[in-house]
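# Summary of structural features
Letter by letter, the chains look like this.
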Amino acid sequence: MIQRYRASAGIMLAPAVTLIGIFILLPMLLTAWLSCQDWSTQTPFSSASFIGLDNFREIFGQTSVGRDFKGALVNTSIYTVLSVVLILPLSVAFGLMVYQHDVPGGTALRTVLFSTYMVPMIAVALVWSKLYSPSEGPLNQMLGLIGIGPQPWLSSPRSALVSIVFLNVWQQVGYFTVLAIAGLTQIPGSLYEAAKLDGANRYEQFRFITLPLMRRTLLFSAVIAIINAVQVFEPVALITQGGPVGSTNVLTYHIRRVGIERAQGGLGSAMAVMLMLSLIVVVCALFALANRKDDE
(Lines give C-alpha, C1' and ligand atoms only; values in the text may rest on other atoms or scores of the structure.)
Protein backbone atom coordinates (compact mmCIF):
# COMPACT_ATOMS: atom_id res chain seq x y z
CA MET A 1 0.00 0.00 0.00
CA ILE A 2 2.80 2.42 0.93
CA GLN A 3 4.64 1.68 -2.31
CA ARG A 4 1.45 2.39 -4.25
CA TYR A 5 1.09 5.78 -2.55
CA ARG A 6 4.73 6.60 -3.28
CA ALA A 7 4.29 5.65 -6.92
CA SER A 8 1.17 7.82 -7.17
CA ALA A 9 2.94 10.75 -5.52
CA GLY A 10 5.88 10.36 -7.90
CA ILE A 11 3.59 10.36 -10.92
CA MET A 12 1.78 13.51 -9.73
CA LEU A 13 5.03 15.32 -8.91
CA ALA A 14 6.79 14.33 -12.13
CA PRO A 15 5.41 17.18 -14.33
CA ALA A 16 6.28 19.87 -11.79
CA VAL A 17 9.73 18.41 -11.10
CA THR A 18 10.40 18.18 -14.83
CA LEU A 19 9.45 21.82 -15.41
CA ILE A 20 11.57 22.95 -12.46
CA GLY A 21 14.49 20.95 -13.78
CA ILE A 22 14.22 22.35 -17.30
CA PHE A 23 13.52 26.00 -16.53
CA ILE A 24 15.35 26.50 -13.21
CA LEU A 25 17.97 23.85 -12.42
CA LEU A 26 19.27 23.45 -15.95
CA PRO A 27 19.89 27.21 -16.49
CA MET A 28 21.59 27.39 -13.08
CA LEU A 29 23.90 24.50 -13.94
CA LEU A 30 24.61 26.00 -17.37
CA THR A 31 25.48 29.35 -15.78
CA ALA A 32 27.80 27.64 -13.28
CA TRP A 33 29.50 25.76 -16.13
CA LEU A 34 29.91 28.92 -18.22
CA SER A 35 31.43 30.75 -15.24
CA CYS A 36 34.46 28.49 -15.58
CA GLN A 37 34.75 29.03 -19.34
CA ASP A 38 36.27 31.64 -21.62
CA TRP A 39 33.20 32.23 -23.78
CA SER A 40 31.70 35.03 -25.81
CA THR A 41 27.94 35.39 -26.09
CA GLN A 42 28.41 35.97 -29.81
CA THR A 43 29.71 32.42 -30.30
CA PRO A 44 28.14 28.97 -29.73
CA PHE A 45 28.70 26.99 -26.54
CA SER A 46 31.04 24.67 -28.41
CA SER A 47 33.61 27.48 -28.68
CA ALA A 48 33.91 27.81 -24.89
CA SER A 49 37.27 26.83 -23.39
CA PHE A 50 37.75 25.80 -19.76
CA ILE A 51 39.79 28.27 -17.68
CA GLY A 52 38.88 27.14 -14.15
CA LEU A 53 38.43 29.93 -11.62
CA ASP A 54 40.13 32.64 -13.67
CA ASN A 55 36.86 34.53 -14.16
CA PHE A 56 36.29 34.65 -10.40
CA ARG A 57 39.87 35.81 -9.82
CA GLU A 58 39.34 38.59 -12.33
CA ILE A 59 36.09 39.91 -10.87
CA PHE A 60 37.66 40.03 -7.40
CA GLY A 61 40.96 41.39 -8.65
CA GLN A 62 42.33 44.92 -8.74
CA THR A 63 41.68 45.48 -12.44
CA SER A 64 38.89 47.67 -13.81
CA VAL A 65 36.71 44.54 -14.14
CA GLY A 66 37.14 43.79 -10.45
CA ARG A 67 36.56 47.36 -9.35
CA ASP A 68 33.39 47.64 -11.42
CA PHE A 69 32.07 44.34 -10.07
CA LYS A 70 32.78 45.21 -6.45
CA GLY A 71 31.23 48.64 -6.92
CA ALA A 72 28.09 47.04 -8.37
CA LEU A 73 28.01 44.57 -5.47
CA VAL A 74 28.21 47.41 -2.94
CA ASN A 75 25.46 49.36 -4.74
CA THR A 76 23.23 46.28 -4.78
CA SER A 77 23.84 45.70 -1.06
CA ILE A 78 23.00 49.32 -0.19
CA TYR A 79 19.91 49.25 -2.38
CA THR A 80 18.72 45.99 -0.81
CA VAL A 81 19.29 47.07 2.78
CA LEU A 82 17.56 50.43 2.31
CA SER A 83 14.61 48.82 0.52
CA VAL A 84 14.06 46.20 3.23
CA VAL A 85 14.57 48.68 6.09
CA LEU A 86 11.90 50.96 4.61
CA ILE A 87 9.44 48.40 3.25
CA LEU A 88 9.02 46.19 6.33
CA PRO A 89 8.15 48.92 8.91
CA LEU A 90 5.90 50.73 6.43
CA SER A 91 4.07 47.52 5.54
CA VAL A 92 3.45 46.74 9.21
CA ALA A 93 2.28 50.31 9.90
CA PHE A 94 -0.08 50.32 6.91
CA GLY A 95 -1.23 46.81 7.78
CA LEU A 96 -2.18 47.91 11.28
CA MET A 97 -4.04 50.91 9.88
CA VAL A 98 -6.01 48.81 7.39
CA TYR A 99 -6.64 45.95 9.80
CA GLN A 100 -8.18 48.16 12.49
CA HIS A 101 -11.94 47.86 12.14
CA ASP A 102 -12.55 51.35 13.53
CA VAL A 103 -10.41 53.08 10.88
CA PRO A 104 -12.63 54.57 8.14
CA GLY A 105 -11.71 53.85 4.54
CA GLY A 106 -9.72 50.70 5.34
CA THR A 107 -10.92 48.84 2.27
CA ALA A 108 -10.17 51.78 -0.01
CA LEU A 109 -6.69 52.13 1.49
CA ARG A 110 -6.02 48.43 0.95
CA THR A 111 -7.06 48.74 -2.69
CA VAL A 112 -4.90 51.80 -3.29
CA LEU A 113 -1.85 50.23 -1.65
CA PHE A 114 -2.08 46.97 -3.57
CA SER A 115 -2.82 48.72 -6.88
CA THR A 116 0.70 50.19 -6.90
CA TYR A 117 2.13 46.67 -7.02
CA MET A 118 0.01 45.85 -10.06
CA VAL A 119 1.46 48.71 -12.13
CA PRO A 120 4.26 47.47 -14.43
CA MET A 121 7.71 48.57 -13.30
CA ILE A 122 8.40 50.12 -16.70
CA ALA A 123 5.46 52.47 -16.28
CA VAL A 124 6.47 53.25 -12.70
CA ALA A 125 10.03 54.03 -13.77
CA LEU A 126 8.89 56.38 -16.53
CA VAL A 127 6.48 58.25 -14.25
CA TRP A 128 9.02 58.62 -11.44
CA SER A 129 11.67 59.84 -13.88
CA LYS A 130 9.30 62.75 -14.60
CA LEU A 131 8.63 63.30 -10.91
CA TYR A 132 12.37 63.57 -10.33
CA SER A 133 12.89 66.03 -13.21
CA PRO A 134 15.16 68.89 -11.94
CA SER A 135 13.16 71.75 -13.46
CA GLU A 136 9.71 70.39 -14.32
CA GLY A 137 9.35 67.69 -11.69
CA PRO A 138 6.47 68.04 -9.19
CA LEU A 139 8.75 67.05 -6.30
CA ASN A 140 11.07 70.02 -6.77
CA GLN A 141 8.11 72.30 -7.40
CA MET A 142 6.55 71.26 -4.08
CA LEU A 143 9.87 71.79 -2.31
CA GLY A 144 10.02 75.25 -3.85
CA LEU A 145 6.70 76.14 -2.22
CA ILE A 146 8.28 75.71 1.21
CA GLY A 147 11.49 77.51 0.31
CA ILE A 148 13.71 74.54 -0.47
CA GLY A 149 15.77 74.71 -3.64
CA PRO A 150 15.62 72.06 -6.38
CA GLN A 151 17.27 68.77 -5.50
CA PRO A 152 19.47 66.81 -7.96
CA TRP A 153 17.70 63.51 -7.24
CA LEU A 154 18.91 61.31 -10.13
CA SER A 155 21.74 63.56 -11.32
CA SER A 156 23.86 63.36 -8.15
CA PRO A 157 25.90 60.29 -7.11
CA ARG A 158 24.87 60.92 -3.50
CA SER A 159 21.11 60.80 -4.11
CA ALA A 160 20.59 58.75 -7.29
CA LEU A 161 20.56 55.33 -5.64
CA VAL A 162 18.34 56.52 -2.79
CA SER A 163 15.93 57.97 -5.35
CA ILE A 164 15.66 54.56 -7.01
CA VAL A 165 15.03 53.04 -3.58
CA PHE A 166 12.07 55.37 -3.02
CA LEU A 167 10.64 54.29 -6.35
CA ASN A 168 10.95 50.63 -5.36
CA VAL A 169 9.41 51.20 -1.93
CA TRP A 170 6.44 53.02 -3.45
CA GLN A 171 5.66 50.09 -5.73
CA GLN A 172 6.42 47.22 -3.36
CA VAL A 173 4.96 48.40 -0.05
CA GLY A 174 1.37 47.59 -1.04
CA TYR A 175 2.17 43.93 -1.66
CA PHE A 176 3.95 43.57 1.66
CA THR A 177 1.11 45.37 3.41
CA VAL A 178 -1.20 42.57 2.24
CA LEU A 179 1.26 40.05 3.70
CA ALA A 180 1.29 41.96 6.98
CA ILE A 181 -2.51 41.94 7.09
CA ALA A 182 -2.46 38.19 6.51
CA GLY A 183 -0.12 37.82 9.48
CA LEU A 184 -2.31 40.00 11.66
CA THR A 185 -5.37 37.87 10.93
CA GLN A 186 -3.57 34.86 12.43
CA ILE A 187 -3.23 36.50 15.86
CA PRO A 188 -6.09 35.51 18.19
CA GLY A 189 -8.14 38.46 19.39
CA SER A 190 -8.36 36.90 22.84
CA LEU A 191 -4.70 37.76 23.44
CA TYR A 192 -5.38 41.46 22.99
CA GLU A 193 -8.45 41.26 25.23
CA ALA A 194 -6.41 39.58 27.96
CA ALA A 195 -3.67 42.20 27.59
CA LYS A 196 -6.23 45.01 27.93
CA LEU A 197 -7.55 43.43 31.13
CA ASP A 198 -3.98 43.39 32.46
CA GLY A 199 -3.65 47.10 31.73
CA ALA A 200 -1.42 46.90 28.65
CA ASN A 201 -1.57 49.91 26.36
CA ARG A 202 -1.43 49.75 22.57
CA TYR A 203 2.35 50.07 22.42
CA GLU A 204 2.80 47.20 24.86
CA GLN A 205 0.31 45.09 22.93
CA PHE A 206 2.24 45.76 19.72
CA ARG A 207 5.62 45.03 21.30
CA PHE A 208 4.76 41.91 23.26
CA ILE A 209 1.96 40.38 21.15
CA THR A 210 1.90 41.66 17.59
CA LEU A 211 5.61 41.67 16.77
CA PRO A 212 6.48 38.26 18.31
CA LEU A 213 3.53 36.53 16.65
CA MET A 214 4.28 38.16 13.29
CA ARG A 215 7.88 36.94 13.29
CA ARG A 216 7.29 34.28 10.65
CA THR A 217 5.36 36.70 8.44
CA LEU A 218 8.11 39.29 8.75
CA LEU A 219 10.74 36.65 7.95
CA PHE A 220 8.90 35.66 4.80
CA SER A 221 8.42 39.31 3.85
CA ALA A 222 12.12 40.03 4.42
CA VAL A 223 13.18 37.13 2.20
CA ILE A 224 10.85 38.17 -0.62
CA ALA A 225 11.87 41.83 -0.27
CA ILE A 226 15.55 40.89 -0.49
CA ILE A 227 15.00 38.73 -3.57
CA ASN A 228 12.99 41.48 -5.27
CA ALA A 229 15.57 44.14 -4.42
CA VAL A 230 18.50 42.07 -5.67
CA GLN A 231 16.72 41.58 -8.98
CA VAL A 232 16.25 45.32 -9.64
CA PHE A 233 16.86 46.12 -13.29
CA GLU A 234 14.17 48.16 -15.06
CA PRO A 235 14.54 51.47 -13.13
CA VAL A 236 18.30 51.47 -13.62
CA ALA A 237 18.09 50.50 -17.29
CA LEU A 238 15.35 53.02 -18.10
CA ILE A 239 16.31 56.01 -15.95
CA THR A 240 19.98 56.12 -14.96
CA GLN A 241 21.80 53.45 -17.04
CA GLY A 242 24.03 52.85 -14.02
CA GLY A 243 25.00 56.50 -13.59
CA PRO A 244 25.86 59.05 -12.53
CA VAL A 245 29.48 57.94 -12.09
CA GLY A 246 28.36 54.34 -11.53
CA SER A 247 26.37 55.19 -8.40
CA THR A 248 23.33 53.15 -9.54
CA ASN A 249 25.24 50.40 -11.35
CA VAL A 250 23.65 47.40 -9.63
CA LEU A 251 24.70 43.82 -10.30
CA THR A 252 21.83 42.77 -12.54
CA TYR A 253 22.42 45.73 -14.85
CA HIS A 254 26.20 45.25 -14.71
CA ILE A 255 25.88 41.54 -15.55
CA ARG A 256 23.73 42.40 -18.54
CA ARG A 257 26.23 45.02 -19.69
CA VAL A 258 29.21 42.68 -19.33
CA GLY A 259 27.55 39.51 -20.63
CA ILE A 260 25.52 40.97 -23.51
CA GLU A 261 26.86 44.39 -24.50
CA ARG A 262 30.51 43.41 -24.06
CA ALA A 263 29.84 39.76 -25.06
CA GLN A 264 31.93 38.48 -22.12
CA GLY A 265 29.70 35.53 -21.33
CA GLY A 266 32.13 33.79 -19.01
CA LEU A 267 32.68 36.87 -16.85
CA GLY A 268 28.97 37.64 -16.78
CA SER A 269 28.18 34.08 -15.72
CA ALA A 270 30.77 34.27 -12.92
CA MET A 271 29.13 37.46 -11.66
CA ALA A 272 25.70 35.82 -11.83
CA VAL A 273 26.99 32.85 -9.81
CA MET A 274 28.39 35.17 -7.14
CA LEU A 275 25.09 37.04 -7.00
CA MET A 276 23.21 33.77 -6.56
CA LEU A 277 25.60 32.53 -3.86
CA SER A 278 25.40 35.84 -1.99
CA LEU A 279 21.62 35.68 -2.05
CA ILE A 280 21.63 32.08 -0.78
CA VAL A 281 23.99 32.98 2.07
CA VAL A 282 21.87 35.96 3.17
CA VAL A 283 18.59 34.01 3.05
CA CYS A 284 20.10 31.06 4.94
CA ALA A 285 21.47 33.46 7.56
CA LEU A 286 18.01 34.96 8.04
CA PHE A 287 16.44 31.53 8.53
CA ALA A 288 19.21 30.50 10.92
CA LEU A 289 18.73 33.68 12.97
CA ALA A 290 14.97 33.13 13.08
CA ASN A 291 15.37 29.50 14.19
CA ARG A 292 17.85 30.55 16.86
CA LYS A 293 15.39 33.07 18.30
CA ASP A 294 12.65 30.44 18.27
CA ASP A 295 14.88 28.06 20.25
CA GLU A 296 15.50 30.75 22.83
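Not measured: the values here are computed from a predicted model. (Residues numbered from 1 in each chain as written. Predicted model: local features only at pLDDT ≥ 70, side-chain atom pairs only at ≥ 80, totals over all residues. Heavy atoms only, no water.)

Okay, the overall build of the chain next. Secondary structure assignment for the chain yields 13 helices and 2 strands. Projected onto its principal axes, the C-alpha positions of the chain cover 75 × 75 × 35 Å. A buried classification covers 37% of the 296 residues belonging to the chain. Partitioning the intrachain contacts of the chain with sequence separation of at least 6 by distance along the chain shows that 64% fall at a separation of at least 24. Summed over all atoms, the accessible surface of the chain reaches about 17200 Å², with 68% contributed by carbon and sulfur. Each charge class in the chain can be summarised by its mean position, and for the 18 positive and 14 negative side chains these summaries are 2 Å apart. (Helix = DSSP H or I, 4+ residues; strand = E, 2+ residues; numbered from the N terminus. Buried < 20%, exposed > 50% of the residue type's maximum accessible area, 1.4 Å probe, protein only. Contact = heavy atoms within 4.5 Å. Areas by Shrake-Rupley, 256 points an atom, 1.4 Å probe, with all protein chains shown as cover. Lys, Arg positive; Asp, Glu negative; His and termini not counted. Charge placed at Lys NZ, Arg CZ, Asp CG, Glu CD.)

A few words on the UniProt feature "transmembrane region" (unreviewed entry) in the chain. When the UniProt feature table is mapped to this numbering, "transmembrane region" (unreviewed entry) covers residues 12-34, 78-99, 111-129, 213-233 and 267-290. Along residues 12-34, the helical share is 100% and the strand share 0%, with 33 Å between the first and last C-alpha atoms. (UniProt positions renumbered as here; feature names shortened; annotations may be inferred.)

Let's shift gears to the packing of helix H8 (residues 189-197) against helix H9 (residues 202-213). Taken N-terminus to C-terminus, the directions of H8 and H9 make an angle of 160°; their axes are 11 Å apart at the nearest point. As judged from the angle between their axes, H8 and H9 are roughly antiparallel. For the crossing formed where H8 meets H9, the hand is right-handed. The segment H8 lies against H9, with Leu191, Tyr192, Ala195 and Lys196 engaging Gln205, Ile209, Thr210 and Leu213. Residues of the contact of H8 with H9, tallied by class, amount to 5 nonpolar, 2 polar and 1 charged. (Axes fitted to C-alpha atoms, helices over the stretch in contact; angles between N-to-C directions. Parallel < 35°, antiparallel > 145°, perpendicular 65-115°, else oblique. Left-handed = near helix turned anticlockwise from the far one by under 90°. Nonpolar A, V, L, I, M, F, W, Y, C, P; charged D, E, K, R; others polar.)

Attention now goes to the side chain of Thr116. Note that Thr116 resides in helix H4 (residues 106-118). We classify Thr116 as buried; its relative accessible area is 10%. In terms of polar contacts, Thr116 uses its side chain to reach the backbone carbonyl oxygen of Gln171, at 3.5 Å. (Polar contact = N/O pair within 3.5 Å; in protein donor to acceptor, adjacent residues only side chain to side chain.)

Time to look at the environment of Ile181. Mapped onto the elements of the fold, Ile181 is located in helix H7 (residues 160-185). For Ile181 and Phe94, which are 87 residues apart along the polypeptide, the C-alpha to C-alpha distance reads 8.7 Å. Not counting residues within four places of it along the chain, the set of residues in contact with Ile181 comprises Gly95, Val98, Tyr99 and Arg110.

Structurally, the position occupied by Asn249 is in the loop between helix H11 (234-240) and helix H12 (251-261). Among the polar contacts listed, one links the side chain of Asn249 to the side chain of His254, at a separation of 3.2 Å. Beyond its immediate chain neighbours, meaning those up to four positions away, Asn249 contacts Asp68, Gly71, Ala72, Asn75, Gly242, His254 and Arg257.

Below, the discussion takes up the nonpolar core. Membership of the largest hydrophobic core comes to 43 residues, with the highest contact counts inside it found for Phe56, Ile59, Phe69, Tyr79, Leu167, Ile239 and Met271. Every element with two or more residues in this core is listed here: helix H2 (54-59), helix H3 (64-99), helix H5 (121-131), H7, helix H10 (215-230), H11, H12 and helix H13 (265-295). Residue contacts for Ile59: discarding those within four places in its chain leaves Val65, Gly66, Phe69, Lys70, Leu267, Ala270, Met271 and Met274. (Core = buried A, V, L, I, M, F, W, Y, C linked by side-chain atoms within 4.5 Å.)

On average, residues of the chain score 88 in pLDDT, and 95% of them reach the 70 mark or higher. For the chain, per-element mean pLDDT is lowest for H4, which scores 76, and highest for H2, which scores 94. (pLDDT = per-residue confidence, 0-100.)

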